[in-house]
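Geometric and topological summary
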Amino acid sequence: MDREPILRWVKTAFLVAVFILLVFNFHWLEQLAPSLFARRGIMIERIPLPVSAWQHIYLVSISSFLSILCAVFLGTIAFFPFARDFKELFVDLSSLGETFPSVAIIALTVPVLGYGFWPTLLALYIYGILPVLRNTITGIENIDPGVMDAASGMGMNTGEVLLKVALPLALPVIIAGIRTSVIINIGAATIGATVGAGGFGVPIISGIRSYDIALVLRGSIPVALLAVAADSLFSNLEAIFEARR
Amino acid sequence: MITLEGVTKQFGTVEAVRGVDATIREGEITVLIGPSGCGKSTLLRMINRMIEPSSGRISISGEDVRNTPPELLRRRIGYVIQNVGLFPHYTVFENISVVPRLLGWKRPRIEERVTELLDLMGLERSFAQKKPRELSGGEAQRVGVARALAANPPLLLMDEPFGAVDPQNRARLQTEFDRIQKQLRKTVVFVTHDVEEAIRLADRIAVMRDGRLVGHSSPEDFIRQSAPPFISEFLGADYSLNLLARHRLRDHYRPTRGTARGTGNPTLPETASVKEAVALLVTRQLRELTVHDEAGAVLGTFTLDCIKNLFGGESGGS
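Computed from a predicted structure; not experimentally measured.

**Structural notes on the domain arrangement of chain B**
Residue and element names in this part refer to chain B. Annotation of chain B at the domain level lists domain 1 (2–244) and domain 2 (247–312). At the interface, 8 residues of domain 1 touch 10 residues of domain 2. Summed over both sides, the interface between domain 1 and domain 2 buries roughly 810 Å², with carbon and sulfur atoms accounting for 63% of that surface. Of all residues in domain 1, Glu220, Arg224 and Leu244 give up the largest surface area on contact with domain 2, accounting jointly for 66% of the area buried on that side. In this structure, the connection of domain 1 to domain 2 is made through 0 salt bridges. Viewed at the interface, domain 2 and domain 1 are joined by 4 residue pairs in polar contact (both at pLDDT 80 or more). Contributions of two or more residues to the side of domain 1 that touches domain 2 are made by helix 9 (221–224) and helix 11 (239–243). Among the elements that take part in the side of domain 1 that touches domain 2, helix 11 stands out by supplying 4 residues, more than any other.

Right under this line is the structure:
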C-alpha cells in the first residue's frame, strides 16, 4: 500500500476532528482571538452550535441522498436505447433547475409547503441533481467504446452491461459529480435559515441582521470546515474507485 | 457452416453491405479483406447480431440467427475486437470467465478452464490475478483471444484482432493463432485489411469492395484463375511471392534416389518455406538447390519447376 492514500485519509480524519471539536467547543476559538469575537450586537444565539450542525448535516444528507438517487436513476435510464432521445431533455431540465436561484425556489414553495424543512429540502434537492446527472451521463459515455462493444458482443444484455461494466467504470466520475453536488448544497443550505429550516445559516443570518461579525463567523467557519472535510472525503472515495479501474 | 443469403445493410441512404451471398466453411479461417469502408466489419457484426441486416438471411448450421435472442446467440460465438476491450476493472481471470459466468458454470469448472486457456495462449498462470493495465499489448490481445474461447464456442468472429499491435508482435500472434487453430479447428471469420496477415492465416479469402463480395476462394485460386483487376491490384504485385511463404519445401521438391552430395548447391531443410528457397535461388543466381531432412540426409532438389503447379492448377500450363 502506498503512503499517499493513507495520508489522504489522515487529512480527512483531521478535518472531521477539527470540525467536531469546533462545533462542541466554539468558545475555544473565541478565547483565542477575543478581539475578533467581541460581542457588539445585542442578539444572543439561543440554539447551541451542535444542534445547528445536526440540522445542517441532516438537511444536506437527505437532500443529497435524494438528488443522487434521482440523478443516477435518470442518467442510467438515458443509457437505454429507448431513452436516448431524453438524454438532452434530462440535462436541459436539470440545468434549468441549476440556473433557478435556490432562494427563489424556497420563496416560491413556502406558500405551498409552509415554513421550515420542506421548502429548503426541495430547493437543495433540485439544486443537487445536475452535477450528478451530468457526470453519470458523461461518465458512461466516456467509457472506451471497445469495452462496451466487447460487453454486448460477449452476450451481456443491456442490464448486465450497465451493472457489470458501465456503472462500475463510470463510478469515479459519478462520485466526482456527487462531490460537487454535496459541496454546493452544504453552502446553499445556509439559505434555509431564512425560512426557519435551522442549520448554520441561523447564526449567519442573525449576525448579518444585527451587524454582529462574531455571530456570522460562528456560522460560517463551521460551514466552511464542513465543506472542506466533505470535499476531502469524496476525493478519497474517488481515488479508491479510480484505482480499481 | 455459416450461410449468407442476399445480406444487405443500409445506414440511412448509404448501403454498407449489398446483397452478399456466401458460404463460410466449418473448421476453416475465412478472412474478410478489403479497403477500409468496404463493409467487412459490418458484415462480420451481422453474424452475431451486433448489427441487424436490412434484408437477407444469415444462418449458422442451417438455423436463422434471428431465431435466437441476441444475448444467447452471442454467448455461443467467440468475439475478438481490435482494441481488445478487456474490462479494466476485472482481473484477467474475471475477464476470461465472463461468458462462462453468464452461462452459469460452476466455479471449479471455470477455474479449470481459465488455467487451460492461459496454458494454451502461452501465458503464465500467475497472469490470472493481473489487471489489464498491467499487461503489454500482445499479452492483452492473447487474453482477448482466451476470453473469446472461454466457453469453447465453435465459431469465432475476429475484427482486426491484431491490428493495434506492433508488427513484430503481430507476426508472433499470427503464428501462435495459426498453431492454436490447427489444434482447435474452429470456424473463424477474420476481418483485416492486411494482405500479408490474410495470406498467413486464411484457408479462404473473401475480398470485399463497396459492400459487395467480389471474390471468395482459397488464396492460391486468386492466381490460378486470373482475378479481376481490382482484386489483383488490391492483393498487390508481390502477392504470389508472399503466397509462397504458406508452403513448405517438403511438399515441393523432386526426390532423388541415392546420394548427390557433391553438387555444391546450397541446401535447405524440408521445413523451410518455398519463399525462402526462391529467395535463395534469386540471390545466389542459381537454378536449383538441395533439400535435406532434419537429420541432414539429402531428399532431392528444388527448382522453380517444382512450384509450377502451385499457380497453374492441376491441368498444368506454364
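**Let's talk about the pairing of strand 14 (residues 298–303) of chain B**
Residues and elements named next belong to chain B. With 5 of 6 residues buried, strand 14 lies mostly within the body of the structure. Pairing geometry for strand 13 (residues 288–292) and strand 14, over 5 bridges, is antiparallel. Looking across to strand 14, one finds that Thr290 is bridged to Thr301. Here strand 13 folds back onto strand 14, and the loop between the two strands holds 5 residues, one of which, Gly296, carries a positive phi near 100°.

**A short note on the interface of chain A and chain B**
If you look at the interface, chain A gives 20 residues, while chain B gives 23 residues. Looking only at chain A, the three residues that lose the most surface to chain B are Asp149(A), Gly153(A) and Met154(A), adding up to 32% of its buried area. Taken together, the connections running from chain A to chain B amount to 2 salt bridges. Between Glu160(A) and Arg75(B) there is a salt bridge whose closest N-O contact spans 3.4 Å. Linking chain A with chain B are 6 residue pairs in polar contact (both at pLDDT 80 or more). When contributions to the side of chain A that touches chain B are tallied by element, the ones reaching two or more residues are helix 7 (145–153), helix 8 (158–188) and helix 10 (213–244) of chain A. At 7 residues, helix 7 of chain A tops the list of elements feeding residues into the side of chain A that touches chain B. Within the side of chain A that touches chain B, the residues separate by chemical class into 9 nonpolar, 5 polar and 6 charged.

**Side note on the nonpolar core**
Core analysis: the biggest nonpolar cluster contains 104 residues, and Phe87(B) and Ile96(B) have the highest contact counts within it. The greatest single-element share of this core, amounting to 13 residues, is contributed by helix 8 of chain A. Not counting chain neighbours up to four residues away, the residues in contact with Phe87(B) comprise Val147(A), Ala150(A), Ala151(A), Met154(A), Met156(A), Val165(A), Asn95(B), Val98(B), Pro132(B) and Arg147(B). Within the second largest apolar cluster, 29 residues are counted, among which are Ala16(B), Leu44(B), Ile77(B) and Ala206(B).

**Here we look at the side chain of Asn242(B)**
Residues and elements named next belong to chain B. With respect to the helices and strands, Asn242 occurs in helix 11. Asn242 gets classed as buried once you look at its relative accessible area, which sits at 11%. Residues in contact with Asn242, not counting those within four places in the same chain, are Glu196, Ile199 and Lys275.

How each quantity is defined
- Residues numbered from 1 in each chain as written.
- Chains lettered and ligands numbered in written order.
- Predicted model: local features only at pLDDT ≥ 70, side-chain atom pairs only at ≥ 80, totals over all residues.
- Heavy atoms only, no water.
- Domains from an automatic or database assignment.
- Contact = heavy atoms within 4.5 Å.
- Buried area = accessible area lost by both parts, 1.4 Å probe.
- Salt bridge = Lys/Arg side-chain N within 4 Å of Asp/Glu carboxyl O.
- Polar contact = N/O pair within 3.5 Å; in protein donor to acceptor, adjacent residues only side chain to side chain.
- Helix = DSSP H or I, 4+ residues; strand = E, 2+ residues; numbered from the N terminus.
- Buried < 20%, exposed > 50% of the residue type's maximum accessible area, 1.4 Å probe, protein only.
- Pairing = 2+ DSSP bridges.
- Nonpolar A, V, L, I, M, F, W, Y, C, P; charged D, E, K, R; others polar.
- Core = buried A, V, L, I, M, F, W, Y, C linked by side-chain atoms within 4.5 Å.

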